[in-house]
Amino acid sequence: MKQILAFSLAFLVTNLTVDAQDKKQKDQAAIKEMCGCYEVTFNFTETFSFSEDSLYKPSKTKVDKGLEWAQLVVDEDDKISIQHLLQVGRLDQPHIVKHWRQDWLFENKDFYMYNGDNEWLFEEKTDKDVEGQWTQKVYQVDDSPRYEGSATWVHVDGKSYWENTTTAPLPRREYTKRSDYNVTLRGNRHEITDYGWLHDQDNAKVIREKGKEDVVLANEKGYNTYVKVDDSRCQAAQDWWKANFDKWATVRAKWDEVYGRDKDLVLEEKVDNKVLYKHLFDEEMTAEKDIDTTIESFVKKIK
């Protein structure tokens, strides 16, 4: 009887291990489906306002289109990194804009959670908190932090999707125009589709003040579609990435060192009257020492 029970237990453990590995491979495949060349449509509209100000004006509905190359940068068992590049301008002489980056980490426990006013609070979760989950870490165009959250990829009824709600800074389309809120509560859904993939968002515009409860100023809907096209259409972006790979690898390495300090992080808005990306986008900014010094100048020291 004991031998039968031991055999049954070993069989069960083996099956669970195989199933977990199969699930992880499905997750990895879904994440990497977001790589390639896409015609992208960005749609955002403010849906509900909760302001008590009778003169409150909602943000205008925004619709933008573009061609975007999503470059696989890291492909490891527990980490997948994808760099996005916008290809804009004339077809015969396109201009490349380094866009956002998304890193996917399996069962990651270290988080930088946005707290408003250019501050990210370091949090460490338990093994149980993140079991079987993937963290999506999203970075600004200069590889500084933006937002991150952890959840389980779901594969059911022919669908593959990942959902999470987390705090984030104001989006670029808002922060130069709005100062009446300071945190975006982002409801993110990434779904692989027959045409490419979908980034579906249900966001809240939040006023956060120390010692007070958060106040929701308004809600917003985002619906961004990534329609897959032939990779050859993004050849200019691919060439740009090859030419600039070393520089941005140096930038990422410096930021990894900063994140590895595992402390709350506060960043300066500007140094020498320029935001960080304008420093790093300078074509003369290539030396490791200059990159390190520049990034460090934006990191406020926290006692």
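Along each chain, the written sequence defines residue order, and numbers are assigned to residues from 1. pLDDT decides what is reported in this predicted model: residues at 70 or higher carry local features, side-chain atom pairs at 80 or more are listed and counted, and totals for whole chains, interfaces and linings draw on all residues regardless. Only hydrogens and water are set aside when side-chain values are computed; all heavy atoms of the structure are taken into account.

> Mind showing me how you'd approach the sheet that holds strand β4 (residues 94-106) here?
The strands making up a sheet are joined through hydrogen bonds of the backbone, oriented either antiparallel or parallel. Note on pairing: two strands pair once DSSP finds at least 2 bridges between them. Labels follow the DSSP assignment, with helices taken as runs of H or I lasting at least four residues and strands as runs of E lasting at least two, numbered in each case from the N terminus. As summarised here, the arrangement of the 11 strands in space is β8-β7-β4-β3-β2-β1-β13-β12-β11-β10-β9, forming an open sheet in which the pairing is antiparallel. Unpaired on one side and paired on the other, β8 (145-151) and β9 (154-156) mark the two borders of the sheet. Taking each pair of neighbouring strands and ignoring which way they run, the sheet shows an average axis angle of 25°. Where strand β10 (residues 159-168) meets strand β11 (residues 183-192), nine bridges bridge the pair, whose relative direction is antiparallel. Bridge assignment links Ala168 to a residue of β11, and that residue is Thr184. All axes here are fitted lines through C-alpha atoms, helices being fitted over the stretch that makes contact, and every angle between N-to-C directions spans 0 to 180 degrees.

> For this particular structure, what's the right way to read the pairing of strand β1 (residues 36-49)?
Taken residue by residue, a regular strand's side chains alternate between the two faces of the sheet. When β1 meets strand β2 (residues 62-75), the two strands line up antiparallel, connected through nine bridges. Within β2, the position partnered with Cys37 by the bridge is Trp69. The pairing of β1 with strand β13 (residues 215-229) spans 10 bridges and is classified as antiparallel. Paired with Glu46 across the strands is Glu220, a residue of β13.

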